[in-house]
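Residues per chain are reported as follows:
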Amino acid sequence: MKIIPAKTPDFVKTLFPNFIWNIDTKNKALYLTFDDGPTPEITDWVLQTLKDYDAKATFFCIGNNIEKHPEIFQNIIDEGHSIGNHTYNHLKGWKHTTTDYIKDVEKTQRHLNSKFQTLNSKTQDSQFDNLEFEDWNLKLFRPPYGKFKSKQSKQIQELGYKIVMWDVLSYDWDQSVSEEACLKNVTSVAKEGSIIVFHDSVKASRNLMYVLPKVLEYYSARGFVFHSLS
């Protein structure tokens, strides 16, 4: 069974102290995150699985996928999960100028703002009566591949984004990682306050559909709850 070290080393976190790697808490809480959606079939399956365990999560969405699948994106919002920006075209920051990278990020944010503004206008007659627009406009950002240029990260933060990385990486997208190893990548290291990365994508679906229910069951049985980022 192939097991890849999945926990982010502490020294890496100290190199980038302005990034969010985990949540400082002693409570039994985990923060599940899902990158690359919304994706037909996969994202809705994730939403139902989370609902089965009364779990909330954060979805770092690709702008192009939001535009192609607005109804699935709306399902994420309707279920009360947090939304993050994952660029419009899943860009590799190191291959693009800072100007082009920021334009791509902001293009996605315009889609998010439009959705949140529409939601805010309807809250009087919805389950979100007590939420303000600012509660949804979190401006969370995660760079695709976890990599970008220092100038890009600086400008993104200057624009008011919180850059969210991770404490635990499941490697669910890696076809060389078995379902059992993917599960072990999470359960062997995730603890109070861990931010865990999964992907609601076709590429990750084999591992994700095996691992996610088991992670939810494993930690629920140990008294953990699952929160979205804010």
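Heads up: these notes are all about the structure in this document. (Residues numbered from 1 in each chain as written. Predicted model: local features only at pLDDT ≥ 70, side-chain atom pairs only at ≥ 80, totals over all residues. Heavy atoms only, no water.)

**As for the overall build of the chain**
1) Next: The number of helices and strands found in the chain is 9 helices and 8 strands.
2) Next: Out of the 230 residues in the chain, the part that is buried amounts to 50%.
3) Next: Sequence separation of at least 24 residues holds for 76% of the intrachain contacts in the chain that already meet a minimum separation of 6.
4) Next: Of the accessible surface of the chain, which amounts to about 11,100 Å², a share of 49% is contributed by carbon and sulfur atoms. (Helix = DSSP H or I, 4+ residues; strand = E, 2+ residues; numbered from the N terminus. Buried < 20%, exposed > 50% of the residue type's maximum accessible area, 1.4 Å probe, protein only. Contact = heavy atoms within 4.5 Å. Areas by Shrake-Rupley, 256 points an atom, 1.4 Å probe, with all protein chains shown as cover.)

**Digging into helix H8 (residues 179-187)**
1) Next: Three or more residues of H8 are buried, namely Ala 181, Cys 182, Leu 183, Asn 185, Val 186 and Thr 187.
2) Next: Against the buried residues of H8 lie strand E6 (168-169), strand E7 (195-199) and helix H9 (205-220).

**Regarding the pattern of salt bridges**
1) Next: Across all of its chains, the model carries 4 salt bridges by this definition.
2) Next: Measuring nitrogen to oxygen at the nearest pair gives 2.9 Å for the salt bridge that ties Asp 167 to Lys 7. Of the two residues, Asp 167 is situated in the loop between strand E5 (162-163) and E6 and Lys 7 in the segment before helix H1 (10-15); the sequence distance between them amounts to 160 residues.
3) Next: The class for Lys 7 is partly exposed, based on a relative accessible area of 29%.
4) Next: A salt bridge links Arg 142 to Asp 35; the shortest N-O distance between them is 2.8 Å. Here Arg 142 is found in the loop between strand E4 (140-141) and helix H7 (150-158), whereas its partner Asp 35 is found in strand E1 (residues 29-35), with 107 residues between them in sequence.
5) Next: The class of Arg 142 is buried, set by a relative accessible area of 0%.
6) Next: By relative accessible area, Asp 35 is classed as buried at 3%.
7) Next: Three or more residues joined by partner-sharing salt bridges are found here, namely Lys 7, Lys 13 and Asp 167. (Salt bridge = Lys/Arg side-chain N within 4 Å of Asp/Glu carboxyl O.)

**Considerations on a nonpolar patch on the surface**
1) Next: A cluster of nonpolar side chains, Phe 11, Leu 15 and Phe 16, forms an exposed patch at the surface whose accessible area comes to about 340 Å².
2) Next: Among the structural elements, Phe 16 can be located in the loop between H1 and E1.
3) Next: Among the residues examined, Phe 16 registers a relative accessible area of 40% and is labelled partly exposed. (Patch = residues over 30% accessible without salt bridge, like charges linked within 9 Å, V, L, I, M, F, W, Y side chains within 5 Å.)

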